Amino acid sequence: GIILPKLWKVMLASKDITPELSETFLQLANIMGQKNAYLASQEIETLLDELDMNKHVVKREDLELLTSKVNVDRLENNPVIPSKEEIRSIYESLI
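Calculation criteria
Residues numbered from 1 in each chain as written. Predicted model: local features only at pLDDT ≥ 70, side-chain atom pairs only at ≥ 80, totals over all residues. Heavy atoms only, no water. Phe/Tyr/Trp six-rings, centres within 6.5 Å; stacked < 30°, edge-to-face > 60°. Helix = DSSP H or I, 4+ residues; strand = E, 2+ residues; numbered from the N terminus. Buried < 20%, exposed > 50% of the residue type's maximum accessible area, 1.4 Å probe, protein only. Axes fitted to C-alpha atoms, helices over the stretch in contact; angles between N-to-C directions. Parallel < 35°, antiparallel > 145°, perpendicular 65-115°, else oblique. Left-handed = near helix turned anticlockwise from the far one by under 90°. Contact = heavy atoms within 4.5 Å. Nonpolar A, V, L, I, M, F, W, Y, C, P; charged D, E, K, R; others polar.

Engineer: What is the right way to read the packing of aromatic side chains from this model?
Structural biologist: Remark: the centre distance and the inter-plane angle together describe each pair of aromatic rings, the angle taken between the planes. For the structure shown, the criterion picks out one aromatic pair. Seen in terms of ring centroids, Trp-8 and Phe-25 are 5.1 Å apart; in terms of plane orientation they differ by 75°. Their pairing is edge-to-face. One end of the pair, Trp-8, is in helix H1 (residues 4-13); the other, Phe-25, is in helix H2 (residues 19-31), and 17 residues separate them in sequence. Overall, the relative accessible area of 8% leaves Trp-8 in the buried class.

Engineer: Is there a simple way to think about the packing of H1 against H2 in this case?
Structural biologist: Packed helices, taken two at a time, are described by the angle their axes make and the gap between the axes. Viewed as axis vectors pointing N to C, H1 and H2 meet at an angle of 140°, and their least axial separation amounts to 11 Å. Considered as vectors, H1 and H2 are oriented oblique to each other. The two elements H1 and H2 cross, and the hand of that crossing is left-handed. Residue-level contacts link Trp-8, Met-11 and Leu-12 of H1 to Leu-21, Phe-25 and Leu-28 of H2. Residues that form the contact of H1 with H2 fall into these classes: six nonpolar, no polar and no charged.

Engineer: Looking at this structure, how should I read the packing of H1 against helix H3 (residues 37-50)?
Structural biologist: The interhelical angle for the contact between H1 and H3, taken along N-to-C directions, is 160°, at an axis separation of 8 Å. Regarding the angle of H1 to H3, the classification is roughly antiparallel. Viewed along their axes, H1 and H3 form a crossing whose handedness is left-handed. On the side of H1, the interface is formed by Leu-4, Pro-5, Lys-6, Trp-8, Lys-9 and Leu-12, while H3 contributes Ala-37, Tyr-38, Ala-40, Ser-41, Gln-42, Ile-44, Glu-45 and Leu-48. Residues belonging to the contact of H1 with H3 are distributed by class as follows: nine nonpolar, two polar and three charged.

And the structure:
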């Protein structure tokens, strides 16, 4: 759950995002009462902050290990596959 809003932002910024996926994000945002998916991801982050679940969940010394342990094959079911750099950036944002 804590990675979701960060992954959404990576997916939304991707050149590989399809019109169908963009529409799905817009529908999810509308369900959440937001105008767009970026604002919806911000709302999820705000909720995680309020629940004190969005801070310091990754230690800097574990960053490389976590990044290297991501099973890229399992990401193939994701509509947009993040690069290793994007995965690292997501984990880094959780430090």
